[in-house]
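Each chain, written out:
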Amino acid sequence: MILHNKFMLLKDKQVAVIGGGPGGLTLAKLLQQEGIAVRVYERDLDKNARVQGSPLDLHDESGLAALRKANLLDEFRKNFLRGADKKRIVNERAEVCFSDHDHKVEENFGNPGFRPEIDRGALRKLLLESLQPATVVWDSHFISMEKENDGWLLHFKNGKSFYADIVIGADGANSKIRPYITGIRAFYTGVTMIEGNVYDAEKTIPGICKWLSGGKIMAFGNAQDFYVWMNDGGHIGFGASFKTGAINADLDYNDKAQVLEWFKTTFFGWSERWYEFFEHAATPFIPRPIYCMPLDQAWEALPNLTILGDAAHVMPPFAGEGVNMAMLDALALSECLISENFNSLQDAISSYEISMRERAAAAAKESLENGEMMHSEQALDKMLAFFGDH
Ligand SMILES: Cc1cc2nc3c(=O)[nH]c(=O)nc-3n(C[C@H](O)[C@H](O)[C@H](O)COP(=O)(O)OP(=O)(O)OC[C@H]3O[C@@H](n4cnc5c(N)ncnc54)[C@H](O)[C@@H]3O)c2cc1C
């Protein structure tokens, strides 16, 4: 028998989302707008915590689709980084081989090929402001939970504990919720990125700002990459990525001179123009070994616990799919949880998880393949052929 009572599955239930990243906040918004009781437990101290990393390009069929469902597309249009998707592709000598700055349209919503970018902080703010006050419980670093009645008693580092009927882990690549569902772990892809950030860039590196022109620079040479992006507030980020068996554990990421020496040696043959980034960067630099979930992962669905986004399927960033998959998971999961077509929460979660794993595996495969190609000797030629054709 199929139940036809709207929201019967979540009637009188308290939902806890662990993690206030793009996936968790999108899910909270989509559930809350249906009248469901939801709290987000986030380890950051408050809403002003700095969100690190490159801007995110949202895709029409995934990230933007979730925002559309959440009625947040107009807010997104007000906040996206106009022109941040423009690019220059250069070689290791910093010679420009391709640029779309003079012909790329800056706003083209509705076109499936348009992938507008947004600063991570702006995306978080936009989602937060759409939620009811006190939906997010800050300074809540989840550490463990145990079964209580039909739900879970959650414990946090600050000593507090809360009960929830349903728990959704949206706590990123190192999820503490995931082990309650599966023991399957992500594998190292063999690529590591060293990330740096230059603040107040107009003052400190004006020449590079002009070169960047609010877009991005992608450099390829000797099977190594250098990626430069513009964040909100005059802040430039960069990442030098390369294939390595293991990250150099002796490198002191607080020591600018040491990291610059590392770059000169490891990225041998690269122009001195790249040194300027390291000379003006804030410390510490951030090593980011790139991980991926096995493409064939599977587990049995539970009746009151699931995961989404990086917690479910971390993947390399080389197809720009991570955040889009996280937000699409939020959309798909919310639809299953409020659907009238399932007899039980376990059925709803199972349906979500089966399609989520399939979707994520396809995106992860593309991300892995792109990562291989972008760290090969032919990377520059292949990237030029790809963007030349688009
Ligand atoms: C170098 C790099 C570049 C990337 N570039 C892109 C890109 O261009 N495009 C793209 O789509 N994706 C990119 N990604 C991936 C993208 O950042 C992620 O896929 C996306 O942020 C996943 O969203 P999420 O909500 O699942 O997790 P996250 O964004 O990781 O959010 C998890 C949240 O949970 C919180 N949290 C973690 N642990 C706990 C805990 N124990 N208790 C409470 N809260 C907790 C965190 O503070 C955080 O707020 C990149 C990733 C990296 C590393």
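In what follows, the structure referred to is the one given above.
Worth saying up front: this structure is predicted, and the values here are computed from it rather than measured. (Residues numbered from 1 in each chain as written. Predicted model: local features only at pLDDT ≥ 70, side-chain atom pairs only at ≥ 80, totals over all residues. Heavy atoms only, no water.)

Q: Which residues make up the overall build of the chain, and what are the values?
A: What the chain contains, in helices and strands, is 12 helices and 17 strands. Here the C-alpha radius of gyration of the chain, 22 Å, is about what a compact globule of 390 residues would show, namely 21 Å. With the C-alpha coordinates aligned to their principal axes, the bounding extent of the chain is approximately 65 × 45 × 40 Å. Long-range contacts, defined here as pairs at least 24 residues apart, represent 72% of the contacts in the chain between residues at least 6 apart. A total accessible area of about 17400 Å² is found for the chain, and carbon and sulfur atoms account for 49% of it. Counting 40 positive and 54 negative side-chain charges, the chain places the centres of these two groups 3 Å from one another. (Helix = DSSP H or I, 4+ residues; strand = E, 2+ residues; numbered from the N terminus. Rg over C-alpha atoms; globule rule 2.2 N^0.38 Å. Contact = heavy atoms within 4.5 Å. Areas by Shrake-Rupley, 256 points an atom, 1.4 Å probe, with all protein chains shown as cover. Lys, Arg positive; Asp, Glu negative; His and termini not counted. Charge placed at Lys NZ, Arg CZ, Asp CG, Glu CD.)

Q: With reference to specific residues and values, describe the sheet that holds strand β15 (residues 236–243).
A: Pairing is mixed across the open sheet formed by seven strands, whose spatial order is β5-β4-β13-β14-β15-β12-β16. The open sheet has two edge strands with one neighbour each: β5 (96–99) and β16 (282–292). Averaged over neighbouring strand pairs, the angle between their axes works out to 20° when direction is ignored. Looking at chain direction, strand β12 (residues 187–198) and β15 are connected through eight bridges and run antiparallel. Note that in β15 the partner of M193 across the bridge is S241. (Pairing = 2+ DSSP bridges. Axes fitted to C-alpha atoms, helices over the stretch in contact; angles between N-to-C directions.)

Q: Hey, could you go over the side chain of Q297 for me, with residue numbers and the actual values?
A: For Q297, the location among the structural elements is in the loop between β16 and β17 (305–307). Of note is the side chain of Q297, whose polar atom sits 2.8 Å from the side chain of R178. When residues no more than four places from it in sequence are discounted, the contact partners of Q297 are R178, I184, A312, H313 and R357. (Polar contact = N/O pair within 3.5 Å; in protein donor to acceptor, adjacent residues only side chain to side chain.)

Q: Can you lay out the environment of R185 for me, pointing to particular residues and giving the numbers?
A: Tracing the chain through its elements places R185 in the loop between β11 (166–169) and β12. On the basis of relative accessible area, R185 is assigned to the exposed category, the value being 69%. Distance in space between the C-alpha atoms of R185 and A312 is 9.9 Å, their sequence separation being 127 residues. Look past the residues within four positions of R185 in its chain and what remains in contact with it is M293 and P294. (Buried < 20%, exposed > 50% of the residue type's maximum accessible area, 1.4 Å probe, protein only.)

Q: A description of the site of the ligand should follow, citing residues and the corresponding values.
A: Residues in close proximity to the ligand total 31 residues, the closest being G23, E42, R120, D310 and V323. Take R43: an N or O atom from its side chain is 3.0 Å from an oxygen atom of the ligand. A distance of 2.7 Å separates an oxygen atom of the ligand from a polar atom in the side chain of D310. About the coverage of the ligand: the protein hides 86% of its 990 Å² of free accessible area. Taken together, the elements giving at least two residues each to the shell around the ligand come down to α1 (22–32), β3 (56–57), α4 (120–129) and α10 (322–338). (Near = heavy atom within 4 Å.)

Q: Help me get a handle on the pattern of salt bridges, residues and values and all.
A: Overall, the coordinates contain 18 salt bridges when judged by the stated rule. As a salt-bridge pair, D44 and R124 come within 2.8 Å of each other at their nearest N and O atoms. Of this pair, D44 sits in the loop between β2 (37–41) and β3 while R124 sits in helix α4; the two residues are 80 residues apart in sequence, bridging distant segments of the chain. The exposure class of R124 is buried, given its relative accessible area of 9%. With its nearest N and O atoms 3.7 Å apart, the salt bridge here joins K104 to D85. With K104 in the loop between β5 and β6 (117–118) and D85 in the loop between α3 (73–79) and β4 (87–91), this pair connects stretches of sequence that are 19 residues apart. Connected through shared salt-bridge partners, E42, D44 and R124 make up one network. (Salt bridge = Lys/Arg side-chain N within 4 Å of Asp/Glu carboxyl O.)

Q: Please provide a residue-by-residue account of the sheet that holds strand β1 (residues 14–18), values included.
A: Reading across the sheet, the five strands line up as β7-β2-β1-β11-β17 and stay open at both edges, with parallel pairing between neighbours. Single-partner strands in this sheet number two, and they are β7 (136–137) and β17. Here β2 pairs with β7 via two bridges, running parallel. Note that in β7 the partner of Y41 across the bridge is V137. The sheet contacts of helix α11 (residues 345–374) involve β11 and β17, and relative to β17 the element is tilted by about 15°.

Q: Summarise the nonpolar core; cite the residues concerned and give the values.
A: Counting residues in each nonpolar core, the largest one holds 77 residues, and the members touching the most others are V15, L67, F76, L154 and V167. Among the elements that take part in this core, α10 stands out by supplying 11 residues, more than any other. If we ignore the near neighbours within four places in the chain, the residues touching L154 are A16, I18, Y41, F142, S144, M145, K160, S161, F162, A164 and V167. Core analysis: the next-biggest nonpolar cluster, separate from the first, contains 33 residues, I217, I236, A240 and F277 among them. (Core = buried A, V, L, I, M, F, W, Y, C linked by side-chain atoms within 4.5 Å.)

Q: So what about the packing of α1 against α4? Which residues, and what values?
A: Running from amino to carboxyl end, α1 crosses α4 at an angle of 20°, the nearest separation of the two axes being 9 Å. Between α1 and α4, the angle is such that the two are roughly parallel. At the point where α1 passes α4, the crossing takes the left-handed sense. In contact with P22, L25 and T26 of α1, α4 contributes L123, R124, L127 and L128. Residues of the contact of α1 with α4, tallied by class, amount to five nonpolar, one polar and one charged. (Parallel < 35°, antiparallel > 145°, perpendicular 65-115°, else oblique. Left-handed = near helix turned anticlockwise from the far one by under 90°. Nonpolar A, V, L, I, M, F, W, Y, C, P; charged D, E, K, R; others polar.)

Q: Which residues make up the pairing of strand β9 (residues 151–156), and what are the values?
A: Look at any regular strand and the pattern is simple: side chains alternate between the two faces of the sheet. Among the six residues in β9, six count as buried, and that is most of the element. As paired strands, strand β8 (residues 142–148) and β9 are joined by six bridges and run antiparallel to one another. Bridged to F142 within β9 is F156. If you look at the hairpin formed by β8 and β9, you'll find two residues sitting between the two strands, and N149 has a positive phi there, around 50°. One ladder, built from four bridges, connects β9 with strand β10 (residues 161–164); its direction is antiparallel. Residue pairing across strands places L154 opposite F162, the latter belonging to β10.

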